[in-house]
Each structure stands twice: as structure tokens, then as C-alpha cells.
Amino acid sequence: MSRYASDRRAIEALVRPTEVHRDIYIDEEVFELEMKHLFANTWVFVGHESQTPGKGDYITTEIGTQPVIMVRHTDGEIRVLHNRCPHKGTKIAIDRAGNTGKFFRCPYHAWSFKTDGCLLAIPLRKGYKDTGLEESESVKGMAPVGAVKNYRGFVFARLNAEGPDFEDFFGQSLSSIDNMVDRSPEGRLEVAGPPLRYMHRCNWKMLVENQTDTCHPMVAHESSAGTAIELWEQMEKPEGTKKPMAMEVIAPFMSPYEFFENMGIRTWPNGHGHTGVHHSIHSDYSAIPGYFEQMVAAYGEERARAILGENRHNTVYFPNIMIKGPIQQLRLFKPVAANRTLVESYIYRLVGAPDMLLERTAMYNRLINAPTSMVGHDDLEMYERAQEGLHSDGLEWVNVQRLYAPDENFDEIAVENGTTERQMRNQFHAWTKYMTMTMGGDA
Amino acid sequence: MAFPTRDDLIDFVYEEARMLDDGRFDEWLDLWTPDSFYWMPLDYNQQDDRHVTSLLHEDAFMRKLRIERFKGERTFSQKPKTRCHHVLQRPFIDHRDDEKGEYTTHTSFHYVETRLDDQILLAATARHELKLIDGRLKITHKRVDLLNSDAAFGNIQMFL
Ligand code: FES
Ligand SMILES: [Fe+2]
């Protein structure tokens, strides 16, 4: 029985001002509709240009659950193609990264395609003479996605040909990507190694919401961050011993509520937002020798201070990534099923900056976001307990009410108390908008 | 122990795994030198342990933290606790230098971790760098390579 298919009223009814229905997280049909509508109408992160630096370099990935190839075409531009042979559907590439030269060649019957997807050749083509192949969809080759935008090295795509414009969709939220890239004295990032890949048996949105959930660190992470602080205090050490880098990374998770309240949350239209408007858990890291001087040389002192003075914590780009400007990390929350999400955590090198910055970034990634991370373990535990708990009929609604104000207007940029759940509500507002945008019926 | 025999080295590796399986974590922590590292790379053949991501790269402080966390009252992912089980192939002695008291072993093993109804099986290789200090073997470095290190994992909570 279909409860939701293309019924915009039923979808809209799942989101109330201060609560959302559990089917948003557990219903397979809602999930299918997300893939069909939400992930097709929005601009979704695909990859970073440094993952495909040379012509013919490609990666395979997914937009929502759609398999795609991001490839650098012979003209030097990045293309995003559906990873599906127009002949019989075979995936053209399955390795996570590689170089295909000037063209892709399907391994099944050797149809070949230029790196912009256009059909190049079919063996024994005379077999299609007078069959009407020229009028078929297949003759067009590998289908490109609807639209692609490379913003300062970050490649986004929209599956649908029609839809919101890139700049309209992201607006001023792009300032977080800007800040991350500007932290390189050369204004350039490079991916550093493969991502962590962490499988979560929960809905993808739980992860996205968690990025601006500032009331959980001191609770869920007490066992790692709290124990770290205790151990450090108990440790015999000479007076004035500098905290090791690992302590600097992990200890701020135990910061008290006021710290998170005062850090602030900013929301932008279309579901984007960030924690850490005024300060964040990344504010008090030790200076890395030589870095500030490099920044001053590149940008001048005033601008260098402005760039480094911005310490945004987590920026959510709706629908499914989070970036951390101060430590050059990006986490991609890939939906697999209603109850399954693959999290890929990437790190980037600030080109022209000291290696020690990258060392801290790699450490952060490992300590906080790895499947072997003491911090990650407790987050995953909470998501999976929630995914199971939502099947309880004790209550069908999930509460997102903290610091709710009647008549919230998500089309306006707002800065609020850092413990508000406004950003979660902002995401659900955008969720409804992009879910129903292509459903027909009256808004 | 004058110089460790082949059996001494092999026994050490087996005993280390047994401590983890038995949950004798404090004894296990004591097997390491103060400046030693436990390293689990993310990528097959990874050489750099600092400038790309690893699964684990833990010094003495981080190892102790992980062990203390296991014991904690509010360690939610350890309520109930994880248990583990190693099956080792006989270690190879890849290198021995009695003059310096330095030894390297190479051990293939299967590792099972369980909690509630979940159980995972991992295939891995451990490379132990050992040093004879005051007549006792100590670990200066342990590298664990998962056969499928690039796969997507759920939680892996214990030391392998
Ligand atoms: S399926 Fe690709 S060439 Fe036949
Ligand atoms: Fe968390």
C-alpha cells in the first residue's frame, strides 16, 4: 500500500513546526521519494577537483543512491555522468578512482564514450543500420547529470536539468567554503588520502542533524573527552607541560553548556547553517609555527587575521555534507537505505601551509570520525538506538523544539543561541520544499 | 632472559593477543615502551602515519585513554561490553638483532569482535617491533593491516 507516493499533502504533514514524524527516518517509501525528489532537486556534493587532477582522471561515487562518475574531460573541465552504459546498463567503472585516458570503454560489448559521455564508437555498428538507433536514447551515450558547478574546487551536481540555481541555492552559506579555501596561502586545497568510510545503521538525516546538535557532546562523549581530561590531570608531568595535540582536539568536547550556548548558530535559507558563529571547539588550537607569517605574506595582515579569526565549527550544506573550515574536513553522509548511511570523511591539505596543520587535521579525522574512534562509537550508538527506538509506538513524533519561536522565517538569515534546534527545523523546512517541488499539486 | 629464543618471541605475540581476549588490559598496557605507537593504517601499503588519515595511531596516552574508557560507567557504546577473540597463525621472525635487542615479527590472524547480537570477523596482519629492555620484551611499534582496510566498517571498538 502506497502511503506517500507523490502525495504532497502526506509529505507536508510529516513536518510540523516543532516536531517531525518518525516515517521521515524509518519509512522506505519516504526514502525512495527522497532519492527521487530531494536528491534530484538539490545541489549535492560530488567530489573535490583534486581527486581528478589530470585529464581522464575519474572517481566513482553516488548522488543520493544514483551511481555517477566524476571525470576530467579533455577540455580540462569536470563532468559528472551517470555510471550506466546506455546499451544494457552495465556500470562503466567500479573502481573508486582511476584514469580512463581519452575515453571510457564499456567492458561488456565495448561501446565507447568520450569523457563528456558522448558515444564514440560501437563495434560492428553496421548491425544497427536502418534500426532507428539514431533516434534512440542509447545513441546519446552516457547521460550527464542535470547541472554541475565547480565552486573553488568543490564539485556539486544537480540531477535534474531544471531546478534551483547554484548561487540561489547556497547564497551566503558559501562563505564557509570560502573560509576553508582562503586558509591556504595559495587559495587552494588538495585532498589528502582516501576518506574514512564508516557504515551507520541509521537514517542519513540523523547524522546531518547531529552536526548542529550542541547539547550532546558533553553527554554522549563524556566517556572519551571527560576521561581524557581526567587522565591528563592525573598524569605526573612537569609544571607548564603543553597539552598534546590529541588533548587539544578531544578535550573541548567536554565544554559546558554555556560554551555551546555562546558559540551561536547561524542559519541560511534552503537548509544550510553552521555552529560556531563567535567561537568554537576549534578556536583554541595552538598556533602552528610559520603559518601566520605565510598568511600575512599572501593576504596582508588585516585580511589574514580576518580569515583565521573565523572559527566556524560545523557548516551543514543541505542536504548531506558538513564541512569544518578551521580543520579542512568534509563529511559526506551518503544515504543507502532508510536505515543505512555510509559516512565518508575527507581531509584536505592547505596548499602552501605547514604540514603540521595537516597532521592535526588527520588526527582529528582519526580521533573523532573513524570506525575505530572512541568519539564516533558513542555517536553511532545513539543513532542506532534512535533508529530502533523510533519503531516504538510509544510516540510517533520526534521533537525539534529547543528555542523554537513562533513564526520562524527560514528565508531569513538568523544568528541565535548556539543550542537552538533552529538549524534542524531549517533543514526540515528545506526538506519539505525540495521533496514536494517536483510532485505536482498545489503548494 | 639472555637473548630471546624463537619460542620466546612467538610466545610473546600469542600472549599479547590472549591478554586482549581475556580483558587483561592493564597488563597489556604494560607491554609497551613509553614512546611506542599502535598503528592501523587506512590504506593498504600506507607509509605515512601523520599526513593522511589512519584508523588508529595511538601513543601511550591514547592507549591508556581507550582502556580507561572501556571501564567507564557512562561509556554507552560499551554497555553492554564488547568482547574479542584472536586466532593467530604462527608468527614469523622477520628480523632479529641480538646486539641491539631488537626483533620484528609478522603474524597473520583472524579477529572476531562481538557485542549483543552482532559479530564481525576481520582478517589482518600484525607487525610487532620488539625490544629487549631489562630482560623483558616490550613493544616499540605494532602495525596492524586489515585485509579490507578500505571497506566501510561499523564500529570496531577494541584493539586488534
Ligand atoms: S552493456 Fe555496455 S556495451 Fe553492452
Ligand atoms: Fe557527537
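Residues numbered from 1 in each chain as written. Chains lettered and ligands numbered in written order. Predicted model: local features only at pLDDT ≥ 70, side-chain atom pairs only at ≥ 80, totals over all residues. Heavy atoms only, no water.

A.B. asks: What should I look at first to understand the sheet that holds strand β4 (residues 66-72) of chain A in this one?
C.D. replies: In a beta sheet, neighbouring strands are held together by backbone hydrogen bonds and run either parallel or antiparallel to one another. All names here are of chain A. Strand order in the open sheet formed by four strands is β5-β4-β3-β6, and the pairing between neighbours is antiparallel. Two strands in the sheet have a free side with no partner beyond their single neighbour: β5 (78-82) and β6 (97-99). Each strand axis lies, on average, 30° off the axis of its neighbour in the sheet, ignoring direction. With six bridges joining them, strand β3 (residues 57-63) and β4 adopt antiparallel strand pairing. (Pairing = 2+ DSSP bridges. Helix = DSSP H or I, 4+ residues; strand = E, 2+ residues; numbered from the N terminus. Axes fitted to C-alpha atoms, helices over the stretch in contact; angles between N-to-C directions.)

A.B. asks: Which parts of the structure should I look at to understand the nonpolar core?
C.D. replies: One broad trend across soluble globular proteins is that nonpolar side chains are buried collectively. If you look at the biggest cluster of nonpolar residues, it comprises 80 residues, and the most contacted ones within it are Phe154 and Trp431 of chain A. For this core, the leading source of residues is helix α3 (residues 28-41) of chain A, giving seven residues. The residues that make up this core include at least three from each of domain 1 (44-151) and domain 2 (189-436) of chain A. Ignoring anything within four residues of it in the chain, the contact list for phenylalanine 154 of chain A reads Phe45, Gly47, His48, Lys149, Ile177, Met180, Val181, Leu189, Leu330 and Tyr348 of chain A. Membership of the second largest hydrophobic core comes to 39 residues, among which are Ala370 of chain A together with Phe12, Leu55 and Ala124 of chain B. (Core = buried A, V, L, I, M, F, W, Y, C linked by side-chain atoms within 4.5 Å. Buried < 20%, exposed > 50% of the residue type's maximum accessible area, 1.4 Å probe, protein only. Domains from an automatic or database assignment. Contact = heavy atoms within 4.5 Å.)

A.B. asks: Got a minute to help me understand the interface of chain A and chain B in this structure?
C.D. replies: Interfaces are often sized by the amount of accessible area the parts lose when they come together. The partner chain B presents 35 residues to the 43 residues of chain A that form the contact. Between chain A and chain B, a total of about 3300 Å² is buried, with carbon and sulfur atoms accounting for 59% of that surface. Contact with chain B buries surface across chain A, with Arg366, Thr372 and Met374 of chain A losing the most and accounting together for 21% of the total. In this assembly, chain A and chain B are joined by six salt bridges. (Buried area = accessible area lost by both parts, 1.4 Å probe. Salt bridge = Lys/Arg side-chain N within 4 Å of Asp/Glu carboxyl O.)

A.B. asks: Help me understand the coordination of the iron ion (ligand 2) in this model?
C.D. replies: Octahedral metals with six donors have ideal donor angles of 90 or 180 degrees. Tetrahedral metals with four donors have an ideal donor angle of 109.5 degrees. All names here are of chain A. Donor atoms from the polypeptide that coordinate the iron ion (ligand 2) comprise His216 (NE2), His221 (NE2), Asp379 (OD) and Asp379 (OD), at 2.1 to 2.4 Å from the metal. Coordination at the iron ion (ligand 2) is irregular: its four donor atoms span angles of 56 to 150° at the metal. Here the donor residues of the iron ion (ligand 2) share one chain and are spaced in sequence as H-x4-H-x157-D. Separated by 158 residues along the polypeptide, histidine 221 in the loop between α7 (217-220) and α8 (222-234) and aspartate 379 in helix α14 (residues 374-389) bring together distant segments of the chain. Look at histidine 221 and you get buried, because its relative accessible area is 1%. (Donors = N, O, S within 2.8 Å, 3.2 Å for Na, K, Ca; no water. Tetrahedral: all angles 85-135°; square planar, octahedral: opposite > 155°, others 65-115°.)

A.B. asks: Help me understand the domain arrangement of chain A in this model?
C.D. replies: Residue and element names in this part refer to chain A. According to the domain assignment, chain A consists of domain 1 (44-151) and domain 2 (189-436). Measuring from the centre of the C-alpha atoms in domain 1 to the corresponding centre in domain 2 gives 35 Å. Each partner contributes residues to the interface: domain 1 has 10 residues there, and domain 2 has 14 residues. The interface formed by domain 1 and domain 2 includes one salt bridge. We note a salt bridge from lysine 334 to glutamate 62, for which the minimum N-O separation is 2.9 Å. Inspection of the domain 1/domain 2 interface yields three residue pairs in polar contact (both at pLDDT 80 or more). Only β2 (44-48) and β3 provide two or more residues apiece to the side of domain 1 that touches domain 2. The biggest single contributor to the side of domain 1 that touches domain 2 is β2, with three residues. Residue composition of the side of domain 1 that touches domain 2, by class: two nonpolar, six polar and two charged. (Polar contact = N/O pair within 3.5 Å; in protein donor to acceptor, adjacent residues only side chain to side chain. Nonpolar A, V, L, I, M, F, W, Y, C, P; charged D, E, K, R; others polar.)

A.B. asks: Would you mind showing me how to read the pairing of strand β11 (residues 154-158) of chain A here?
C.D. replies: Consecutive side chains of a regular strand alternate in pointing toward one face of the sheet and then the other. All names here are of chain A. When you tally the buried positions in β11, you get five out of five residues, the bulk of the element. The alternating pattern of β11 places Phe154, Phe156 and Arg158 and Val155 and Ala157 on opposite faces, both of which are buried. Taken together, the five bridges between strand β10 (residues 147-151) and β11 define a ladder with antiparallel strand orientation. Across the sheet, lysine 149 pairs through a bridge with phenylalanine 156, a residue of β11. As consecutive antiparallel partners, β10 and β11 are separated by two residues, and within that stretch arginine 152 has a phi angle of approximately 50°, a positive value.

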